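Understanding the architecture of this molecule
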Amino acid sequence: MTAKELVLDFYKSDALIDCEVMKQYIHPDIHIDWNNSNGFLELNYEAILAFTSNLSSGYVRSKAKISHIIAENNLVSVHYSHVVKTIENPREDMLVGHFMVIWEIKDNKLFRGFQISQKP
């Protein structure tokens, strides 16, 4: 699987709201630097799984609507909008935010991420 195929597969899966699926995609030494509307976060393997678990408690469905994806060797850049369906209202799509991330792939897993997001 190419780096681009891996990233596409990741965002098409339920990894963002399912810890068991997330574990299939992330490297044990993963590190994400995330600049967002609330500040700056650094996430490692355990923090990512805790974040995913937190999302799964409120959302029944998660979808990344990718507008751009560019790959070069083991680096993949993705621009997407994250849309969810909440437990309270599973029939309505809710926009969580817009994201831009550069992924470094190692051992066919997401290894290093540089992410920026903005709330709608």
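These remarks concern the structure in this document. Just so it is clear, the structure is predicted and the values come from calculations on it, not from any experiment.

On to the overall build of the chain, then. Within the chain, the secondary structure is distributed over three helices and six strands. Along the chain, helices and strands appear, N-terminal first, in the series α-α-β-β-α-β-β-β-β. The dimensions of the chain, computed from C-alpha atoms along their principal axes, are 40 × 30 × 30 Å. Across the 120 residues in the chain, those meeting the buried criterion constitute 38%. By element, 52% of the accessible surface of the chain is carried by carbon and sulfur atoms, the whole surface being about 7,000 Å². Within the chain, one finds 12 positive and 15 negative side-chain charges whose respective centroids are separated by 7 Å.

Attention now moves to the pattern of salt bridges. By the definition in use, this model includes four salt bridges. In this structure, Glu20 engages Lys23 in a salt bridge whose closest nitrogen and oxygen atoms are separated by 3.2 Å. A residue pair is termed a helical-turn pair when its members lie 3 or 4 positions apart in one helix, as Glu20 and Lys23 do in helix H2 (residues 19–25) at three residues. The exposure class of Glu20 is exposed, given its relative accessible area of 51%. Owing to a relative accessible area of 35%, Lys23 belongs among the partly exposed residues under this scheme. Note that Asp33 is salt-bridged to Arg112, the shortest N-O span being 3.3 Å. Taken together, the positions of Asp33 in strand E1 (residues 26–36) and Arg112 in strand E6 (residues 109–118) put the pair 79 residues apart, joining distant regions of the chain.

Next up on the list: helix H1 (residues 3–12). The complete set of buried residues in H1 reads Ala3, Leu6, Val7, Phe10 and Tyr11. Seen end-on, H1 carries its buried residues on one side only, within an arc spanning 125 degrees. Looking at the buried positions of H1, the neighbouring elements they touch are H2, strand E3 (59–72), strand E4 (75–86), strand E5 (93–106) and E6.

Moving on, we get to helix H3 (residues 45–56). Here H3 spans 17 Å end to end across twelve residues, near enough to the 16 Å set by a 1.5 Å rise per residue. For H3, the full list of buried residues reads Ile48, Leu49, Thr52 and Leu55. Each buried residue of H3 lies within a common arc of 120 degrees when the element is viewed along its axis, so the set occupies one face. In H3, those exposed residues whose orientation departs by more than 90 degrees from the buried face are Glu46 and Asn54. At its buried positions, H3 is contacted by H2, E1, strand E2 (39–44) and E3. Backbone nitrogen of Glu46 and a side-chain oxygen of the N-cap are separated by 3.3 Å at the start of H3; the cap is Asn44.

We note that Asn73 has phi near 55 degrees; this positive angle belongs to a residue other than glycine. In this fold, Asn73 is placed in the loop between E3 and E4. Not every positive phi belongs to a glycine, and Asn108 is a case in point at roughly 60 degrees. For Asn108, the position within the fold is in the loop between E5 and E6.

The rules behind each value
- Residues numbered from 1 in each chain as written.
- Predicted model: local features only at pLDDT ≥ 70, side-chain atom pairs only at ≥ 80, totals over all residues.
- Heavy atoms only, no water.
- Helix = DSSP H or I, 4+ residues; strand = E, 2+ residues; numbered from the N terminus.
- Buried < 20%, exposed > 50% of the residue type's maximum accessible area, 1.4 Å probe, protein only.
- Areas by Shrake-Rupley, 256 points an atom, 1.4 Å probe, with all protein chains shown as cover.
- Lys, Arg positive; Asp, Glu negative; His and termini not counted.
- Charge placed at Lys NZ, Arg CZ, Asp CG, Glu CD.
- Salt bridge = Lys/Arg side-chain N within 4 Å of Asp/Glu carboxyl O.
- Arc of directions from axis to C-beta.
- Contact = heavy atoms within 4.5 Å.
- Expected span 1.5 Å × (residues − 1).
- Polar contact = N/O pair within 3.5 Å; in protein donor to acceptor, adjacent residues only side chain to side chain.

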